[in-house]
Amino acid sequence: MIATSEYELVTESAGLLDRSERAMFTVRGGEAADFLQGQVSNDVEGLAPGHGCYATILNHKGKLRTDLRVLRGQDFFWLDTEPIGHAVLRHMLDTYSLGRDVQWEDVGEAHSILSLLGPGADAALDDPQPPNEHDFVDTGAGLWVRTDLGIDLLCTGARADELRAELGVEEVSEEVAECLRIESGRPRLGLDMDADTIPEEAGINERAVDFEKGCYVGQETVARLHYKGKPNRHLRGLLLSEPAERRAEIVFGEKGVGRIGSACVSPRLGPIALALVRREAAPGDTVLVDGAEARVAELPFDRG
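Quick look at the structure, then. (Residues numbered from 1 in each chain as written. Predicted model: local features only at pLDDT ≥ 70, side-chain atom pairs only at ≥ 80, totals over all residues. Heavy atoms only, no water.)

### Describing the environment of proline 130
No. 1: Looking at the element boundaries, proline 130 is found in the loop between strand S7 (111-117) and strand S8 (136-138).
No. 2: Take proline 130: its relative accessible area is 12%, and that puts it in the buried class.
No. 3: Along the sequence, proline 130 and aspartate 75 sit 55 residues apart, while their C-alpha atoms lie 20 Å from each other.
No. 4: Setting aside anything within four residues of it in sequence, one finds proline 130 in contact with Asp135, Phe136, Val137 and Arg146. (Helix = DSSP H or I, 4+ residues; strand = E, 2+ residues; numbered from the N terminus. Buried < 20%, exposed > 50% of the residue type's maximum accessible area, 1.4 Å probe, protein only. Contact = heavy atoms within 4.5 Å.)

Structure below.
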């Protein structure tokens with residue numbers, strides 16, 4: 001159960017969440033940009049220093065291996081991803097950078113990510129922060145990165161301990177952060193999308209895919225579906241009449257059309273969930289989740 005006080009904190013002021021479990025890498029070298037451009041789905045070469053993007057690594061069938069954040073500094077790239085994406089990212093860097101002017105380092109053990117969540121995130125910091133998601137400032141002590149929900153502070157573990165004391169921002173639970181994510185309709189790797197998911201099904205094409213860049217693994221399938229096809233599934237919101245568990249079956253008529261991915265009880269919206277739902281069940285339709293009625297909604301939920 002999400003504490004109302006925590007929810008109010010991150011929707012009216014700011015809370016702090018430690019996300020240091022994420023996998024983190026740095027990539028350097030004269031061919032680093034060209035190398036990454038051929039591996040990920042978004043335009044890395046087009047990034048200017050101080051800017052970043054969201055991207056995916058796909059298999060040859062255009063299905064997700066992992067998603068990641070890419071930040072471009074003056075002489076480096078920073079990559080971070082979900083813990084379950086660590087092995088995929090490390091294997092990609094280790095295998096496909098051979099013979100190229102590319103040097104990479106797994107820096108997760110020595111670094112931390114502290115997420116300031118809420119409309120008061122900027123006020124907790126001394127200097128003005130960049131306005132656009134994935135843009136960042138290099139403070140010398142770390143990278144302060146704009147997110148969809150606030151500011152991420154990327155720094156060494158020792159600096160993170162100091163920042164907690166300096167900021168004086170109350171720490172919040174992952175549950176309340178997940179509630180904000182679900183409300184905003186953003187899928188999470190391992191919960192709402194996995195190795196059987198194509199980016200368009202998860203609704204992340206606009207954020208993660210550049211259709212004008214050069215070749216990368218999985219590009220042909222992703223482009224063909226985008227320009228000529230219709231995905232069989234779409235990421236949808238579900239407005240539930242009762243709380244539901246992950247993997248609960250979604251039934252439309254007499255047919256199973258999906259399973260619950262992420263779910264929570266939002267203090268503002270009540271029980272809600274994200275799910276990959278077959279296209280037969282459209283926004284506005286009523287479905288059953290474990291026998292209880294639910295309404296399929298467009299995302300984000302405010303729009304639905």
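### Focus on the pairing of strand S12 (residues 249-252)
No. 1: Here four bridges tie S12 to strand S13 (residues 255-266), and the two strands are oriented antiparallel to one another. Its bridge partner lying in S13, phenylalanine 252 is registered against lysine 255.
No. 2: If you look at the hairpin formed by S12 and S13, you'll find two residues sitting between the two strands, and glycine 253 has a positive phi there, around 70°.
No. 3: Where S12 meets strand S15 (residues 286-289), two bridges bridge the pair, whose relative direction is antiparallel. (Pairing = 2+ DSSP bridges.)

### Thoughts on the sheet that holds strand S2 (residues 23-28)
Neighbouring strands of a sheet are bound in pairs by backbone hydrogen bonds; such pairs are parallel or else antiparallel.
No. 1: Taken together, the five strands give an open sheet; going across it, the order is S3-S4-S5-S2-S6, and neighbouring strands pair in antiparallel fashion. Two strands lie at the open edges of the sheet, namely strand S3 (51-58) and strand S6 (103-106), each paired on one side alone. Across the sheet, the axes of successive neighbouring strands diverge by a mean angle of 25°, strand direction being ignored.
No. 2: Taken together, the eight bridges between S3 and strand S4 (residues 64-72) define a ladder with antiparallel strand orientation. (Axes fitted to C-alpha atoms, helices over the stretch in contact; angles between N-to-C directions.)

### Thoughts on the pattern of salt bridges
No. 1: This model, assessed by the stated rule, comprises 27 salt bridges.
No. 2: Of the charged contacts in the structure, one is a salt bridge between glutamate 82 and arginine 22, with a shortest N-O distance of 3.9 Å. Taken together, the residues glutamate 82 in the loop between strand S5 (77-81) and helix H3 (86-96) and arginine 22 in the loop between strand S1 (15-18) and S2 connect sequence positions 60 residues apart. The same class applies to glutamate 82 and to arginine 22, which are both buried.
No. 3: Among the ionic pairs, arginine 224 bridges to glutamate 220, the shortest N-O distance being 3.1 Å. You can see arginine 224 and its partner glutamate 220 sitting in helix H7 (residues 219-228), four residues apart, about one turn around the helix. (Salt bridge = Lys/Arg side-chain N within 4 Å of Asp/Glu carboxyl O.)

In short, the description is geometric, and any link to function would need to be established separately.
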